[in-house]
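Observations on the model geometry
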Amino acid sequence: MTTKNPEWQIPKPKKSVLEWLLDGDPAFRWQVMRDLTKDPDDCVAAERSRIASEGWGARVLGLQSSGGNWGGDADARNWLCTSYTLLLLKDLGLDPSGEEARRSIGLVRDHITWPQQMGGQPYFDGETEPCVNGWILGVGAYFGEASDRLVDRLLGEQLEDGGWNCDTPQSRRSSFHSTICILEGLLEYEKAKGETAAVTEARVRAQEYLLERRMLRSLSSGEVIDPNWTRLSFPTTWHYDVLRGLDYLRSAGVEPDERVTEAVGLVAEKQDQNGKWPLENSHPDRVHFDMEGVEGEPSRWNTLRALRVLDWYSTRH
């Protein structure tokens, strides 16, 4: 099936844009080398190894307490900042086999237990909300602490329409926010432990939930569900947007079809005259420090992610 749209063109990254991306932090420089410039694997691995000792990765690791958490005593009561931080370390691409990662994850594993009102389980076995459990499954799988118990729980909570919602049982309609968090977690689990029929089936059903809605529209009315989903952000934490949804499909190896065309077009049209994409929607969730400028300025993270999504769209049909 063709996925070309005559109203917009998929750009090739400019040399100046690639140079700008490569002039940044190791955390996305290695991803540029892997996804855009297609450098040799050993060069990519060497760049990735710098995350633990330089730039944002080292800075985040240095903020962890001896008790395993980030965010101080207030966060020790709910672990939300800690969960956002682990999700960020995964997105940065911290090498899970490195000494620094093993030490950091060991502190989380050995010292953090969810409060009784949130289930009372060890951290990597999850708490009570599906969306948070999606992050925990993803970071656990990525860092070698995948929880089969948590997978079973999430599969049992999948709704009839294919997605998930933290407001169940009050709501039986899925949430894009919850669904993308769990999709990312299940994909990371399968990357770490291999595909299983049950997990793959659940992921495909949830992918179809997004695709049937064109990545942003109500199935019943056809209206855009939330205009903020067309605004690009990083870090995304628990928030859905079309770039996050498309980047998930790319990473999962989903073949693009006409159901993603509108969303891809929305992303493509945000490229500025210099070949970059802006930061549009800074979420208030705690991530310790700013990795980019203010809203409206060019964003390395959004530019990297947009370019690799457009490459996926243009080459896989």
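Whatever comes next refers back to the structure up there.
As a starting point, this report considers the structure included with it. (Residues numbered from 1 in each chain as written. Predicted model: local features only at pLDDT ≥ 70, side-chain atom pairs only at ≥ 80, totals over all residues. Heavy atoms only, no water.)

A separate point is the packing of helix α10 (residues 176–193) against helix α11 (residues 197–212). In the contact formed by α10 and α11, the axes pass within 10 Å of each other and the chain directions differ by 145 degrees. Every pair of crossing elements has a handedness; the one defined by α10 and α11 is left-handed. Contacts between α10 and α11 involve Phe176, Thr179, Ile180, Leu183, Leu186, Leu187, Tyr189 and Glu190 from the former and Val199, Thr200, Ala202, Arg203, Ala206, Gln207, Tyr209 and Leu210 from the latter. Residue composition of the contact of α10 with α11, grouped by class: 11 nonpolar, three polar and two charged. (Axes fitted to C-alpha atoms, helices over the stretch in contact; angles between N-to-C directions. Helix = DSSP H or I, 4+ residues; strand = E, 2+ residues; numbered from the N terminus. Left-handed = near helix turned anticlockwise from the far one by under 90°. Contact = heavy atoms within 4.5 Å. Nonpolar A, V, L, I, M, F, W, Y, C, P; charged D, E, K, R; others polar.)

Take helix α1 (residues 15–22) next. Among the residues of α1, Val17, Leu18, Trp20 and Leu21 are the ones counted as buried. End-on, the buried residues of α1 take up no more than an arc of 160 degrees, which puts them together on one face. Structurally, α1 contributes buried residues whose contacts are with α2 (26–35) and α14 (300–315). (Buried < 20%, exposed > 50% of the residue type's maximum accessible area, 1.4 Å probe, protein only. Arc of directions from axis to C-beta.)

Moving on, we come to the pattern of salt bridges. For side chains bearing opposite charge, pairing can occur when the charged atoms are close. Going through the model one piece at a time under the given rule, you end up with 24 salt bridges. Put simply, aspartate 125 and arginine 149 hold a salt bridge, and the shortest N to O gap is 3.5 Å. Of this pair, aspartate 125 sits in the loop between α7 (99–111) and α8 (130–142) while arginine 149 is found in helix α9 (residues 148–156), placing the two residues 24 residues apart along the sequence. Across the pair glutamate 184 and arginine 244 runs a salt bridge whose closest N-O atoms are separated by 2.7 Å. Here arginine 244 lies in helix α12 (residues 242–251) and glutamate 184 lies in helix α10, a separation of 60 residues in the sequence. Among the charged side chains, a salt-bridge network with shared partners connects Arg34, Asp35, Asp247, Arg250 and Arg308. (Salt bridge = Lys/Arg side-chain N within 4 Å of Asp/Glu carboxyl O.)

Its relative accessible area of 3% is what places arginine 244 among the buried residues. Sequence-wise, arginine 244 and leucine 211 are 33 residues apart; in three dimensions their C-alpha atoms are separated by 13 Å. Filtering out sequence-adjacent residues up to four positions away, arginine 244 remains in contact with Ile180, Cys181, Glu184, Thr236, Thr237, Trp238, His239 and Arg305. Separated by 3.4 Å, the side chains of arginine 244 and threonine 236 make a polar contact. (Polar contact = N/O pair within 3.5 Å; in protein donor to acceptor, adjacent residues only side chain to side chain.)

The next thing to look at is empty space enclosed by the protein. Taken as a whole and assessed by the stated rule, the structure comprises two cavities of 30 Å³ or more. A volume near 50 Å³ is recorded for the largest cavity. Contributing to the lining of the largest cavity are Tyr84, Leu87, Leu88, Asp91, Pro235, Thr236, Thr237 and Val287. Classifying every residue of the lining of the largest cavity by side-chain character gives five nonpolar, two polar and one charged. Estimated volume of the second largest cavity: approximately 30 Å³. Contributions of two or more residues to the lining of the second largest cavity are made by α6 (80–92), α8 and α10. Split by residue class, the lining of the second largest cavity holds three nonpolar, three polar and three charged. (1 Å grid on protein atoms, 1.4 Å probe; cavity = no way out; pocket = protein on both sides within 12 Å on 5 of 7 lines; lining within 4 Å. Points joined across faces, edges and corners; volume = space filled by probe spheres on them.)

Let's shift gears to the layout of surface pockets. For the largest pocket, the calculated volume is near 620 Å³. For the lining of the largest pocket, the secondary-structure elements that each account for two or more residues are α2, α6, α10, α12 and α14. It is α12 that contributes the most residues to the lining of the largest pocket, six residues altogether. Grouping the amino acids of the lining of the largest pocket by side-chain chemistry returns nine nonpolar, four polar and 13 charged.

We now examine the nonpolar core. Looking at soluble globular proteins, one finds that nonpolar side chains tend to be buried together. Met215, Leu246, Leu249, Val260 and Trp301 are the most contacted members of the largest nonpolar core, which totals 90 residues. Discounting residues that sit within four places of it in the chain, tryptophan 301 has contacts with Ala27, Phe28, Gln31, Trp56, Asp91, Leu92, Phe234, Met291 and Glu292. (Core = buried A, V, L, I, M, F, W, Y, C linked by side-chain atoms within 4.5 Å.)

Inspection of every chain in the model, using the stated rule, returns 12 aromatic pairs. Consider the rings of phenylalanine 234 and tryptophan 301, whose centres lie 4.4 Å apart with planes at 20 degrees: the pair is stacked. With phenylalanine 234 in the loop between α11 and α12 and tryptophan 301 in helix α14, this residue pair connects regions lying 67 residues apart in the sequence. Here phenylalanine 234 and tryptophan 301 have matching classes, each one buried. (Phe/Tyr/Trp six-rings, centres within 6.5 Å; stacked < 30°, edge-to-face > 60°.)

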